[in-house]
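What follows is the residue order along each chain.
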Amino acid sequence: MRNIALYLSYLGTAFHGWQMQKDLPTVQETLEKAAAKVVGHPVHVTGCGRTDAGVHAKCYVANFKTTSTIPVDRLPYALNTHLPADVVVTKAFDVHEDFNAIGSCARKEYTYIIYNSRVRDPFYVNRAWFYPRHLDEKVLQRAADQFVGTHDFAAVRSVGTDVKSTVRTVYYYNVERQGDLLYLRVCANGFLYNMARAMAGTIVYAAEGKFAPEEIGRILQEGNRTAAGPTVPAGGLYMTHLWYDDGVTKFECPG
């Protein structure tokens, strides 16, 4: 039995997230159907994370096991013939039998994009969050800096999945402006449900003056979700970089 890892990219607008859901289109279901047609038997595809409805991935890693002997260099082309235009497999490679796309992932990076202009741009609908009031990227960065380190992130997550711990480590949270676009890049060893979107909403609240950036530390300590900022729209969020190191297999998937 072979274990195959895939790099893929997708626009999440038409999907109800990654994970299989009854009677709703998901990326996992779409990929499993395509893979079954290619390898000739049913497969279970494990993804590197549960992206929410409307969230995109510039780089996503998944794996599945198969008895097929199709060479890995041919698999992306074969899979793409059975996938819709908004899901594309870019690479396939053999991994060891215990490799798991989510369990072997050491770090993840999400990027949230804000279209910060007084006039909306139709080409960014469902691709970035339109925010008409000017946001000071220096204040956003001061607020983002408060999240870096190991903290209890219960204050910036939505209830939806049971987890053993809400403690995570954020390695960096960088804010960059390119014209009217603001890019909020955050890397952590794991993300809670809606954590990246709630973090983005919290630093925007700080930039609006609703609380000082330095108060975010207190908000995290108190664990009060209502004291933090809102969960911003899903269309601005992208999975953009993944790091793997399970002691056997080590690689990066940059978006």
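So, how was this worked out
- Residues numbered from 1 in each chain as written.
- Predicted model: local features only at pLDDT ≥ 70, side-chain atom pairs only at ≥ 80, totals over all residues.
- Heavy atoms only, no water.
- Salt bridge = Lys/Arg side-chain N within 4 Å of Asp/Glu carboxyl O.
- Helix = DSSP H or I, 4+ residues; strand = E, 2+ residues; numbered from the N terminus.
- Buried < 20%, exposed > 50% of the residue type's maximum accessible area, 1.4 Å probe, protein only.
- Disulfide = S-S within 2.5 Å.
- Contact = heavy atoms within 4.5 Å.
- Phe/Tyr/Trp six-rings, centres within 6.5 Å; stacked < 30°, edge-to-face > 60°.
- Lys NZ or Arg CZ within 6 Å of the ring centre and 35° of its normal.
- Polar contact = N/O pair within 3.5 Å; in protein donor to acceptor, adjacent residues only side chain to side chain.
- Pairing = 2+ DSSP bridges.

**Student:** Explain the pattern of salt bridges to me, please; I cannot follow it from the model alone.
**Tutor:** Where charged atoms from two side chains of opposite charge approach closely, those side chains can pair. This structure, assessed with the given rule, holds 10 salt bridges. In this structure, the salt-bridge partner of Arg218 is Glu222, at a minimum N-O distance of 3.2 Å. Residue Arg218 and its partner Glu222 are located together in helix H5 (residues 216-222), separated by 4 residues, close to a single helical turn. On the basis of relative accessible area, Arg218 is assigned to the partly exposed category, the value being 37%. Each of the salt bridges in this network shares a partner with another, and the network as a whole consists of Arg133, Glu208 and Lys210.

**Student:** How should I be thinking about the state of the cysteines in this particular structure?
**Tutor:** Each disulfide consists of a covalent bond between the sulfur atoms of two cysteine residues. This structure, assessed with the given rule, holds 1 disulfide. Each disulfide pairs two cysteine sulfurs, and for Cys59 the partner residue is Cys253, the sulfurs being separated by 1.4 Å. Since a negative S-S torsion denotes a left-handed disulfide, the Cys59-Cys253 link at about 45° is right-handed. Of this pair, Cys59 sits in strand S3 (residues 56-66) while Cys253 sits in strand S11 (residues 250-254); the two residues are 194 residues apart in sequence, bridging distant segments of the chain. We classify Cys59 as buried; its relative accessible area is 3%. Not part of a disulfide, Cys48 finds its nearest cysteine sulfur in Cys105, a span of 6.1 Å.

**Student:** I keep staring at the environment of Gly17 and nothing clicks. Help me out?
**Tutor:** With respect to the secondary-structure elements, Gly17 resides in the loop between strand S1 (2-10) and helix H1 (27-39). Classification of Gly17 as buried rests on a relative accessible area of 4%. Note: C-alpha distance between Gly17 and Asp136 (119 residues apart in sequence) is 31 Å. Residues within four places of Gly17 in sequence aside, it is in contact with Thr26, Val27, Thr51, Asp52 and Ala53.

**Student:** Where do I start with the packing of aromatic side chains in this structure?
**Tutor:** Centre-to-centre distance and the angle between the planes together describe a pair of aromatic rings. Tallied over the full model, the rule gives 15 aromatic pairs. For the pair Phe147 and Tyr173, a centre-to-centre distance of 6.1 Å together with 50° between the ring planes defines the contact as tilted. Here Phe147, found in the loop between helix H3 (137-145) and strand S7 (149-152), pairs with Tyr173, found in strand S8 (residues 167-178); they are 26 residues apart in sequence, far enough to count as distant. Judged on exposure class, the residue Phe147 and its partner Tyr173 are both buried. Counting every residue linked through ring pairs, the aromatic cluster contains Tyr7, Phe93, Phe99, Tyr244 and Phe251. Geometry around Tyr238 places Lys58 over its ring, the cationic atom sitting 5.5 Å from the centre. We note Lys91 situated over the ring of Phe93; from NZ or CZ to the ring centre the distance is 5.1 Å.

**Student:** Sorry if this is basic, but what is going on with the side chain of Arg197 here?
**Tutor:** By the secondary structure assignment, Arg197 is in helix H4 (residues 195-208). Judged by relative accessible area, which is 12%, Arg197 ranks as buried. In terms of polar contacts, Arg197 uses its side chain to reach the side chain of Asn194, at 3.1 Å. Ignoring sequence-local partners within four residues, the contact set of Arg197 consists of Asp52, Tyr112, Pro230, Thr231, Val232, Pro233, Ala234 and Leu237.

**Student:** So what exactly am I meant to see when it comes to the pairing of S11 here?
**Tutor:** Here is the key point about a regular strand: its side chains alternate between the two faces of the sheet. Judged by which residues are buried, S11 turns out to be one-sided: Phe251 and Cys253 face inward and are buried, whereas Lys250, Glu252 and Pro254, on the alternate face, are not. As paired elements, strand S10 (residues 237-245) and S11 share 5 bridges and run antiparallel to each other. Bridge pairing links Leu242 to Cys253 in S11. Counting the residues between successive antiparallel strands, the hairpin from S10 to S11 contains 4 residues, one of them, Gly247, with a positive phi of roughly 90°.

**Student:** Would you mind going over the pairing of S1 with me for this structure?
**Tutor:** A large share of S1 lies buried, amounting to 7 of its 9 residues. Note that S1 and strand S4 (residues 87-95) share 8 bridges and pair antiparallel. When the sheet's bridge partners are listed, Ser9 is paired in S4 with Val88.

**Student:** Got a minute to help me understand H3 in this structure?
**Tutor:** Because each turn of an α-helix spans 3.6 residues, side chains separated by three or four positions in sequence point in the same direction. For H3, the set of buried residues is Val139, Leu140, Gln141, Ala143 and Ala144. Of the surrounding secondary structure, the elements contacted by the buried residues of H3 are S8, strand S9 (181-188), H4 and H5. N-cap assignment for H3: the residue whose side-chain oxygen lies 2.8 Å from the backbone N of Lys138 is Asp136.

From the geometry alone we can't say anything about function, so treat these as descriptive.
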